[in-house]
Amino acid sequence: MARKAKLIDWTGKKRINLALQGGGSHGAFTWGVLDAILEDGRLDIEAISGTSAGAMNAAVLAEGYLENGREGARERLEWFWSQVSSEGAMQPWQRKMFDGLLKNFDYEGSPAFWWMDFLTHYSSPYDFNPLDLNPLRDVLHKMIDFEKVRACEEIKIFVAATNIHTGKIAIFNREELTADHIMASACLPNLFRAVEIKGVPYWDGGFMGNPAIFPLFYETACPDVMIVQINPIERHSTPRTARDIQNRVNEITFNSSLMREMRAVEFVQRLVDRGLLPAEKYMRVFMHRIDGAARLDAYTAASKLDSSWLSLTAMRDIGRDAAKAWLETHYRDIGARDTIDMRAAFM
């Protein structure tokens, strides 16, 4: 966390970096958080690091911001999530496939869900999807103008994916973003074929960075990082069914990279605070977090596949409430102190 040149804030507002987790339809919680921050108006966003649904939110926000500032970003985010839920966003063949992956139905009892669950666990997408049909590809091309995203110079964007060959994280910058980069960040290997970019195959960024924090330290001048967390770290029950066990394994897996990064951040913070690292060379960062706490934790992992408008707007409202409560309590702490107990949360 090398020290950057002091940021000159011409607006008089506080600045913050955002780190947005992925998590399927729970990304609508992040939509709500972003909506509340944009509506509040007291924070300028310098950069966003996002994975999977977090990367989609970042790209949509940037497109809308270029068109009409904060209100444009809010309008575009609402339109995007309405289209995610809308039947009209896809052709019939796309809707049929997407329904099997994301649509709202009785997950525990639906034969369609059980069949899809069986297929994706015991067969490869190279076998059951030989034509490489991916409804997300066409949806992203239809719903996001990536030329506008790349042109939004006011906000830096970093999108994480996992390089399959090296096993390392790949970070794509706003200036190069296309639908393929977002697809790579959201590519679950049991559902879709690897996304190739310039001959390199990628899987979901959540394996190595959900979200990636380090680009916000090296590429920006802002010391404050807000994590918008939608994957619970703790659950106080023991999973016993096969599905519950797999769901909990997935939650732990997709939080592991965040846990590692946060432990490293806490270690450097202690060194800076104790004077063991020179303050003139190392920036003291301040970490913050907005999550849905018990309200979001009450939702099962299977609900991440629910793209009904009722579910998405419920998630949005939880996110708005969480962000407004955080701003009310902690706005004055931005630029001054952490609002996460780092050791308690991540050590």
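Quick notes on the rules
- Here the residue index of a chain counts from 1 through its sequence in written order.
- Per-residue local features of the predicted model are confined to residues with pLDDT of at least 70, and side-chain atom pairs are confined, for both listing and counting, to 80 or more; whole-chain, interface and lining totals are unaffected and use all residues.
- Neither water nor hydrogens contribute to the side-chain values; these are computed over all heavy atoms in the structure.
- Segments assigned H or I by DSSP are reported as helices when at least four residues long, segments assigned E as strands when at least two residues long, and all are numbered from the N terminus.
- Working rule for contacts: check all heavy atoms of both residues, and any pair within 4.5 Å makes them a contact.
- For the area figures, the Shrake-Rupley method with a 1.4 Å probe applies, and any residue is considered shielded solely by the protein chains shown.
- Values of pLDDT, which run from 0 to 100, indicate the predictor's confidence residue by residue.
- Under this scheme, a helix contributes an axis fitted over its contacting stretch, all axes are lines through C-alpha atoms, and angles between N-to-C directions fall in the 0 to 180 degree range.
- These descriptions rest on fixed angle ranges, namely under 35 degrees for roughly parallel, over 145 for roughly antiparallel, 65 to 115 for roughly perpendicular, and the rest for oblique.
- For any pair of crossing helices, the crossing counts as left-handed if the nearer helix is rotated counterclockwise from the farther one by less than a right angle, and right-handed if it is rotated clockwise.
- For this classification, Asp, Glu, Lys and Arg are treated as charged, while Ala, Val, Leu, Ile, Met, Phe, Trp, Tyr, Cys and Pro are nonpolar and the rest, including Gly, are polar.
- Relative accessibility decides the category of a residue: with a 1.4 Å probe and only protein chains considered, values under 20% of the type maximum give buried, values over 50% give exposed, and everything between is partly exposed.
- At least two bridges found by DSSP between two strands are what make those strands a pair.
- Seen with the strands pointing away from the viewer, any crossover whose path from the first strand over the helix to the second strand runs clockwise is right-handed.
- Charge counting treats Lys and Arg as positive and Asp and Glu as negative, with His and both chain ends excluded.
- The salt bridge definition used is simple: a Lys or Arg side-chain nitrogen within 4 Å of an Asp or Glu carboxyl oxygen.

> So what's going on with the overall build of the protein? Which residues, and what values?
Broken down by element type, the protein carries 13 helices and eight strands. Across the protein, every contact between residues at least 6 apart in sequence was considered, and the portion connecting residues at least 24 apart equals 79%. Roughly 15,700 Å² of accessible area belongs to the protein as shown, and the carbon and sulfur atoms make up 55% of that amount.

> Describe the confidence of the model for the protein, naming the residues involved and giving the relevant values.
Overall, the predicted model of the protein reaches an average pLDDT of 84, with 83% of residues at or above 70. Segment residues 3–11 is flagged for pLDDT under 50; beyond a separation of four residues in sequence, or across chains, it makes 19 contacts in the model. Confidence over residues 88–115 falls short of pLDDT 50; this stretch has 57 contacts with residues more than four positions distant or in other chains.

> I'd like a rundown of the packing of helix α1 (residues 27–40) against helix α12 (residues 309–330), residues and numbers included.
For the pair α1 and α12, the least separation of the axes is 6 Å and the interaxial angle reads 45 degrees. The angle between the axes of α1 and α12 places the two elements in the oblique class. Helix-helix and strand crossings are classified by hand; for α1 and α12 the assignment is right-handed. For the pair α1 and α12, the contacting residues are A28, F29, W31, G32, V33, D35, A36, I37, E39 and D40 in the first and W309, L312, M315, R316, I318, G319, R320, A322, A323, K324 and L327 in the second. Within the contact of α1 with α12, the residues separate by chemical class into 13 nonpolar, two polar and six charged.

> Can you explain the pairing of strand β1 (residues 14–20)? Please cite residues and give values.
For β1, a buried count of five out of seven residues is recorded, marking the element as mostly surrounded by other parts of the structure. Of the pairings in the sheet, the one linking β1 to strand β2 (residues 43–50) comprises seven bridges and is parallel in character. Pairing of L18 across the sheet is with I48, part of β2. As for the winding sense of the linkage, the β-α-β connection from β1 through α1 to β2 is right-handed. Bridging between β1 and strand β7 (residues 224–229) involves four bridges; their strand directions are parallel. Each bridged residue has a counterpart across the sheet, and for L20 the counterpart in β7 is V228.

> Give a description of the side chain of E261 that names residues and reports values.
By the element assignment, E261 lies in helix α10 (residues 242–273). Salt bridges are absent for the buried E261, whose nearest opposite-charge side chain, R260, sits at 8.1 Å. Among all residues touching E261, those that are not within four sequence positions of it are P211, A212, I213 and F214.

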